[in-house]
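# A structural walkthrough
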Amino acid sequence: MDNTEVLQSNREDAQRRYRGALGMFATGVAVITAPRDEGAPIGITVASFNSVSLDPALILFSVDRRSLSLPDLCAAKSYAVNVLDESQQEISNRFAKANSAKWDGMDQIGADGRAVLLPDALVTFECEPYAQHDGGDHVIFIGRVTQYQARADGRPLIFFGGKYHALHSFQPIAA
(Lines give C-alpha, C1' and ligand atoms only; values in the text may rest on other atoms or scores of the structure.)
Protein backbone atom coordinates (compact mmCIF):
# COMPACT_ATOMS: atom_id res chain seq x y z
CA MET A 1 0.00 0.00 0.00
CA ASP A 2 1.56 3.34 -1.03
CA ASN A 3 1.30 6.59 0.94
CA THR A 4 -1.63 7.86 -1.18
CA GLU A 5 -3.68 4.76 -0.36
CA VAL A 6 -2.81 5.07 3.33
CA LEU A 7 -3.81 8.75 3.37
CA GLN A 8 -7.08 8.00 1.57
CA SER A 9 -7.80 5.10 3.92
CA ASN A 10 -7.11 7.31 6.95
CA ARG A 11 -9.31 10.06 5.50
CA GLU A 12 -12.22 7.69 4.91
CA ASP A 13 -11.83 6.29 8.44
CA ALA A 14 -11.72 9.82 9.88
CA GLN A 15 -14.85 10.79 7.91
CA ARG A 16 -16.65 7.66 9.11
CA ARG A 17 -15.76 8.45 12.75
CA TYR A 18 -16.80 12.09 12.28
CA ARG A 19 -20.13 11.04 10.78
CA GLY A 20 -20.65 8.69 13.72
CA ALA A 21 -19.99 11.54 16.15
CA LEU A 22 -22.49 13.76 14.31
CA GLY A 23 -25.01 10.93 14.52
CA MET A 24 -25.04 11.35 18.29
CA PHE A 25 -27.21 14.44 17.81
CA ALA A 26 -30.83 13.28 17.57
CA THR A 27 -32.79 14.83 14.72
CA GLY A 28 -36.20 14.65 13.22
CA VAL A 29 -36.54 13.35 9.67
CA ALA A 30 -37.98 15.33 6.76
CA VAL A 31 -38.51 14.82 3.06
CA ILE A 32 -37.87 17.77 0.78
CA THR A 33 -40.26 17.75 -2.18
CA ALA A 34 -40.53 20.02 -5.19
CA PRO A 35 -42.20 19.98 -8.58
CA ARG A 36 -40.14 19.44 -11.73
CA ASP A 37 -40.92 20.97 -15.10
CA GLU A 38 -41.08 17.43 -16.48
CA GLY A 39 -41.28 14.04 -14.81
CA ALA A 40 -41.85 12.94 -11.26
CA PRO A 41 -41.42 15.50 -8.49
CA ILE A 42 -38.20 15.78 -6.51
CA GLY A 43 -38.14 13.89 -3.20
CA ILE A 44 -35.10 13.73 -0.89
CA THR A 45 -34.85 12.58 2.74
CA VAL A 46 -32.87 14.91 5.01
CA ALA A 47 -32.01 15.04 8.69
CA SER A 48 -30.45 18.49 8.38
CA PHE A 49 -33.46 20.76 8.82
CA ASN A 50 -33.91 23.65 11.24
CA SER A 51 -35.37 27.09 11.70
CA VAL A 52 -33.29 30.17 10.90
CA SER A 53 -35.55 33.15 11.55
CA LEU A 54 -39.05 34.00 12.73
CA ASP A 55 -39.19 37.36 10.92
CA PRO A 56 -38.93 36.71 8.09
CA ALA A 57 -39.94 33.07 8.50
CA LEU A 58 -36.88 31.17 7.24
CA ILE A 59 -35.81 27.53 7.42
CA LEU A 60 -32.75 25.69 6.17
CA PHE A 61 -31.72 22.22 5.06
CA SER A 62 -28.69 20.83 3.26
CA VAL A 63 -28.35 18.42 0.35
CA ASP A 64 -25.33 16.34 -0.62
CA ARG A 65 -23.69 17.57 -3.83
CA ARG A 66 -23.79 13.98 -5.16
CA SER A 67 -27.60 13.96 -5.11
CA LEU A 68 -28.99 13.33 -8.58
CA SER A 69 -31.86 15.73 -7.82
CA LEU A 70 -29.60 18.63 -6.79
CA PRO A 71 -29.65 20.53 -10.13
CA ASP A 72 -33.46 20.38 -10.27
CA LEU A 73 -33.78 21.40 -6.62
CA CYS A 74 -31.39 24.34 -7.14
CA ALA A 75 -33.64 25.53 -9.99
CA ALA A 76 -36.98 24.88 -8.23
CA LYS A 77 -39.28 27.88 -7.79
CA SER A 78 -40.85 26.29 -4.70
CA TYR A 79 -40.30 23.36 -2.42
CA ALA A 80 -41.71 21.87 0.75
CA VAL A 81 -40.27 20.40 3.92
CA ASN A 82 -42.41 17.47 5.05
CA VAL A 83 -41.58 16.56 8.67
CA LEU A 84 -42.29 12.86 9.05
CA ASP A 85 -44.43 11.14 11.67
CA GLU A 86 -42.97 8.11 13.47
CA SER A 87 -45.22 5.87 11.33
CA GLN A 88 -43.51 7.09 8.13
CA GLN A 89 -40.18 5.27 8.36
CA GLU A 90 -40.85 3.52 5.04
CA ILE A 91 -41.32 6.92 3.37
CA SER A 92 -38.02 8.12 4.83
CA ASN A 93 -36.25 5.04 3.44
CA ARG A 94 -37.96 5.36 0.06
CA PHE A 95 -36.86 8.96 -0.47
CA ALA A 96 -33.35 8.32 0.89
CA LYS A 97 -32.58 6.12 -2.13
CA ALA A 98 -31.52 7.40 -5.53
CA ASN A 99 -34.01 5.89 -7.93
CA SER A 100 -36.81 6.95 -10.21
CA ALA A 101 -39.48 4.83 -8.47
CA LYS A 102 -39.71 6.98 -5.32
CA TRP A 103 -43.22 8.15 -6.16
CA ASP A 104 -44.63 4.81 -7.36
CA GLY A 105 -47.91 4.25 -5.51
CA MET A 106 -47.42 7.41 -3.42
CA ASP A 107 -50.10 10.00 -2.99
CA GLN A 108 -49.08 13.63 -3.22
CA ILE A 109 -50.86 16.89 -2.60
CA GLY A 110 -50.26 19.90 -4.78
CA ALA A 111 -48.19 20.14 -7.96
CA ASP A 112 -49.13 22.49 -10.85
CA GLY A 113 -45.98 24.50 -10.07
CA ARG A 114 -46.71 24.63 -6.33
CA ALA A 115 -44.93 22.70 -3.66
CA VAL A 116 -45.61 18.98 -3.54
CA LEU A 117 -46.76 17.79 -0.11
CA LEU A 118 -46.70 14.31 1.37
CA PRO A 119 -49.98 13.23 2.95
CA ASP A 120 -50.02 12.56 6.69
CA ALA A 121 -46.77 14.46 7.38
CA LEU A 122 -46.55 15.78 10.92
CA VAL A 123 -45.82 19.30 9.61
CA THR A 124 -45.37 20.73 6.12
CA PHE A 125 -43.61 23.99 5.32
CA GLU A 126 -44.18 25.38 1.83
CA CYS A 127 -41.26 27.59 0.84
CA GLU A 128 -39.89 29.76 -1.87
CA PRO A 129 -36.13 29.88 -2.36
CA TYR A 130 -34.42 32.60 -0.32
CA ALA A 131 -30.71 31.72 -0.62
CA GLN A 132 -28.29 28.91 -1.40
CA HIS A 133 -24.83 28.63 0.14
CA ASP A 134 -21.72 26.52 -0.30
CA GLY A 135 -21.52 23.98 2.49
CA GLY A 136 -18.47 21.95 1.42
CA ASP A 137 -19.78 18.64 0.09
CA HIS A 138 -23.36 19.92 0.61
CA VAL A 139 -25.44 22.84 -0.63
CA ILE A 140 -27.27 24.74 2.10
CA PHE A 141 -30.77 25.85 1.11
CA ILE A 142 -32.54 28.65 2.95
CA GLY A 143 -36.25 28.87 2.22
CA ARG A 144 -38.81 31.55 3.05
CA VAL A 145 -41.89 29.87 4.49
CA THR A 146 -45.00 30.99 2.62
CA GLN A 147 -47.40 28.72 4.49
CA TYR A 148 -47.37 25.75 6.79
CA GLN A 149 -49.73 23.26 8.32
CA ALA A 150 -49.22 21.16 11.43
CA ARG A 151 -51.20 18.23 12.76
CA ALA A 152 -52.48 18.45 16.32
CA ASP A 153 -51.53 14.83 16.98
CA GLY A 154 -48.70 12.51 16.07
CA ARG A 155 -45.13 11.99 17.09
CA PRO A 156 -41.98 12.75 15.10
CA LEU A 157 -39.75 10.18 13.43
CA ILE A 158 -36.41 10.45 15.25
CA PHE A 159 -32.97 9.53 13.86
CA PHE A 160 -30.11 8.94 16.30
CA GLY A 161 -26.92 6.90 16.13
CA GLY A 162 -27.67 5.74 12.59
CA LYS A 163 -31.08 4.28 13.51
CA TYR A 164 -34.72 5.31 13.80
CA HIS A 165 -36.13 5.78 17.28
CA ALA A 166 -39.52 6.54 18.80
CA LEU A 167 -40.21 9.43 21.11
CA HIS A 168 -41.45 7.74 24.28
CA SER A 169 -42.94 10.69 26.12
CA PHE A 170 -44.18 14.20 25.58
CA GLN A 171 -43.69 15.07 29.24
CA PRO A 172 -41.42 18.10 29.53
CA ILE A 173 -38.29 17.70 31.58
CA ALA A 174 -38.47 19.81 34.72
CA ALA A 175 -36.14 22.79 34.60
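Here, residues in each chain are numbered from 1, in the same order as that chain's written sequence. Totals for whole chains, interfaces and linings use all residues, but because this is a predicted model, local features are given only for residues with pLDDT of at least 70 and pairs of side-chain atoms are given and counted only at 80 or more. Derived side-chain values reflect all non-hydrogen atoms in the structure, with water molecules and hydrogen atoms excluded from consideration.

### Examining the nonpolar core
Side-chain atoms within 4.5 Å are what join buried Ala, Val, Leu, Ile, Met, Phe, Trp, Tyr and Cys residues into a set we call a nonpolar core. Buried means the residue's accessible area, taken with a 1.4 Å probe over protein chains only, is under 20% of the maximum for its type, while exposed means over 50%, and partly exposed covers the values in between. Counting residues in each nonpolar core, the largest one holds 22 residues, and the members touching the most others are Phe61, Leu73, Tyr79, Val81 and Phe141. Counting from the N terminus, the helices are the DSSP runs of H or I reaching at least four residues and the strands are the DSSP runs of E reaching at least two. Where this core is concerned, the elements lending two or more residues are β2 (30–34), β3 (42–46), β5 (58–64), α2 (70–75), β6 (79–83), β9 (123–135) and β10 (138–150). Discounting residues that sit within four places of it in the chain, Leu73 has contacts with Ile32, Ala34, Ile42, Ile44, Phe61, Val63, Tyr79 and Phe141. Here, two residues are considered to be in contact whenever any of their heavy atoms come within 4.5 Å of each other.

### Some remarks on unusual backbone geometry
The residue after Asp55, namely Pro56, is reached through a cis peptide bond having omega 5 degrees. Following the sequence through the fold, Pro56 ends up in the loop between β4 (49–53) and β5. One non-glycine residue, Asp120, lies in positive phi territory at about 70 degrees. For Asp120, the position within the fold is in the loop between β8 (116–117) and β9.

### Focus on helix α3 (residues 89–96)
If you check which residues of α3 are buried, you get Ile91, Ser92 and Phe95. One side of α3 carries all its buried residues, which in axial view fall inside an arc of 105 degrees. Looking at the buried side of α3, the elements it contacts are β2, β3 and β12 (163–165). The arc refers to the directions leading from the helix axis to the C-beta atoms.

### Notes on the pattern of salt bridges
Salt bridges, as used here, are contacts in which a Lys or Arg side-chain nitrogen is within 4 Å of a carboxyl oxygen on Asp or Glu. Going through the model one piece at a time under the given rule, you end up with ten salt bridges. Two residues, Asp134 and Arg65, come together in a salt bridge whose shortest N-O distance is 2.6 Å. Taken together, the residues Asp134 in strand β9 and Arg65 in the loop between β5 and α2 connect sequence positions 69 residues apart. In this structure Asp134 comes out as exposed when scored by relative accessible area, which is 59%. Residue classification places Arg65 among the partly exposed positions, given a relative accessible area of 40%. For Glu86, the salt bridge identified is with Arg155, shortest N-O distance 3.2 Å. In this pair, Glu86 is assigned in the loop between β6 and α3 and Arg155 in the loop between β10 and β11 (158–160), connecting sequence segments 69 residues apart. With relative accessibility at 30%, the residue Glu86 sits in the partly exposed group.

Nothing here speaks to function; it is all geometry.
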